[in-house]
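# Descriptive analysis of the structure
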Amino acid sequence: MFQDITLPELLEKRNSGNHTLVDVRSPKEFEEGSIPGSINIPIFSNDERAEVGTIYKQVGPDKAKERGLEIFSQKLPAYIAEFKQINTPITVFCWRGGMRSKTAATVLDLMGIHANRLTGGIRTYRNFVVEVLEKKQFNPKFIVLNGFTGTGKTVLLENLRANGFPVINFERMAGHRGSIFGHIGLNPSNQKRFDSLLVEKILEYENEPFVFVEGESKRIGKVLIPEFIYEKKEKGLQLVLQMPIEERVKGLLEDYEPWNYSDNILEAYRLIKKHIHTPVAKEIEDFLQQGNYYEATMLLLKYYYDPRYAFATKDFQGEKTYIEAQNIDEAYEEIIATLNARGLIKPNQFIS
C-alpha cells in the first residue's frame, strides 16, 4: 500500500539526491509550474483532462470518474512502463493530493512499484513558496554583475556557478534574457515557476556570506523579482563590467544566434524602432533584413541599449567597482581578484 508523506518529508527525501518526484497532472499544468526537479508522467493529456472536466461540470462526478477510468485503462501498460524506467524511490503528486495521485499510487502498488503520495499535492508546495517569500528574509550580501548589454554577465554567472560560487541567475529562472529580444529561442517562465525556483535558491544559499546576481530590472519577461530581493540587489556591491564593443557584439551573436530566428528578431525590433533616431532605425532594419547581424547589433548597442543603460544605472545605491577587461576570461579573473582584494574569499579558495 502506498504511503502519504508531508511536504517537509518530501523535501528531505528529494534533497538526499536519491528520490524522484513525479507530477501526474497534465502537461499544460506541469508547464505552468511544478515542484523544481520533478518529472511529468501525466495520467491525462491536456485534451483528456479537458474532456473529463467538462463531463464533471455538465453531467456529474460519477460519469467523469467513469470516463477517466476508461481513458486511463487504455494507456495503463505504457504508463507503468514509464515508471519502471525510474531506479530511485518515487513520490507522486497532483494538484490537491486527490484522485489522480491516489490512482497513480494505487495502480503502481498493484504492479509492485512502491510510490509515496504527497499530502495536499502541489498546492501545499505553492503555499510553502508563498510563505517563504512573505518572510522577506535572505541574509547573504549580493554581489551584482552590471555593465552594458553584451558584457557577458550571464556567461560569467554560469562560470562562477560552475566553479563553486553561490549564484542566483534570474534570467535562467525567468527563461528570458531581459531585453526586447530576450524571449527568442527560449521558454519564458510564468510567475509561479519563477517564484518556486527562486525559493529553492533562497533555501540553498541562506547561510552563504554572499551570492552573485546580475543587475536586472524589476521585470524580466513575464515575471517580477520580489521587492525585497530587488532592494538587496540595488544595495549590493556593484561590479560594473567594461568591455570593447566589438567583443560585446561577438558575445551577443553567439548567445542569440539571430540567423536562426530572423523573423522573430525583425518582429521584436519593430517594437522598439520608434525609440531610435529615424535614419539609424532604418539602417538597422535594413541590416536585419539583409542578415547583416553584426552591423545591426553594433548600431543597436550604440543608439539604443547603451544610452538606456547609462540612464537607468546612473543612481546605483550600492558601492561601485569597475572591472575593465578585453574579454570574458579576463573579466572572470578580475572578478576573482576583486573578491580576493576585499577578503571575501581566500586565495585559491575557488577554481579560476
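Please read all numbers here as calculations on a predicted model, not as lab measurements. (Residues numbered from 1 in each chain as written. Predicted model: local features only at pLDDT ≥ 70, side-chain atom pairs only at ≥ 80, totals over all residues. Heavy atoms only, no water.)

Formed by 34 residues in total, the largest nonpolar core has its most connected members in Phe138, Ile168, Phe170, Leu198 and Ile229. Mapped by element, the contributors of at least two residues to this core are helix 1 (7-15), helix 7 (121-135), strand 6 (141-147), helix 9 (170-174), helix 10 (191-205), strand 7 (210-214) and helix 11 (227-235). Looking at this core, the element that brings in the most residues is helix 7, giving six residues. Ignoring any residue separated from it by four or fewer positions in sequence, one finds Leu198 in contact with Leu133, Ile168, Phe170, Met173, Pro226 and Ile229. Core analysis: the next-biggest nonpolar cluster, separate from the first, contains 26 residues, Ile265, Val280, Ile284 and Leu301 among them. (Core = buried A, V, L, I, M, F, W, Y, C linked by side-chain atoms within 4.5 Å. Buried < 20%, exposed > 50% of the residue type's maximum accessible area, 1.4 Å probe, protein only. Helix = DSSP H or I, 4+ residues; strand = E, 2+ residues; numbered from the N terminus. Contact = heavy atoms within 4.5 Å.)

Right, let's get into the side chain of Arg14. Within the element layout of this structure, Arg14 appears in helix 1. Note on Arg14: relative accessible area 17%, which makes it buried. A polar contact of 3.2 Å, which involves the side chain of Arg14, links it to the side chain of Asn15. With residues up to four places along the chain from it excluded, the contact list for Arg14 reads His19, Leu21, Ile35, Pro36 and Glu200. (Polar contact = N/O pair within 3.5 Å; in protein donor to acceptor, adjacent residues only side chain to side chain.)

Right, let's get into the side chain of Arg100. Here Arg100 is to be found in helix 6 (residues 99-110). On the basis of relative accessible area, Arg100 is assigned to the buried category, the value being 17%. Apart from the residues within four sequence positions on either side, Arg100 is in contact with Val24, Arg25, Ser26, Glu29, Ile43, Phe44, Arg49, Cys94 and Trp95.

Here the focus is the sheet that holds strand 5 (residues 116-118). Pairing within the open sheet is parallel, and its five strands lie in the order 1-5-4-2-3. With one partner strand each, in any of the chains shown, strand 1 (3-5) and strand 3 (39-40) form the two edges of the open sheet. Here strand 2 (residues 20-23) pairs with strand 3 via two bridges, running parallel. Counted as the bridge partner of Asp23 is Asn40 from strand 3. Sitting on the sheet, helix 1 is in contact with strand 1, strand 2, strand 4 (90-93) and strand 5, with an inclination near 95 degrees to strand 1. (Pairing = 2+ DSSP bridges. Axes fitted to C-alpha atoms, helices over the stretch in contact; angles between N-to-C directions.)

Let's shift gears to the pattern of salt bridges. All told, the structure shown has 22 salt bridges when counted by the stated rule. Between Lys63 and Glu66 there is a salt bridge whose closest N-O contact spans 3.7 Å. Of this pair, Lys63 and Glu66 both sit in helix 4 (residues 61-74), three residues apart, which is roughly one turn of the helix. Taking the relative accessible area as the measure of exposure, Lys63 reaches 45% and is therefore partly exposed. Judged by relative accessible area, which is 48%, Glu66 ranks as partly exposed. Salt bridges sharing common partners tie together Glu29, Arg49 and Arg100. (Salt bridge = Lys/Arg side-chain N within 4 Å of Asp/Glu carboxyl O.)

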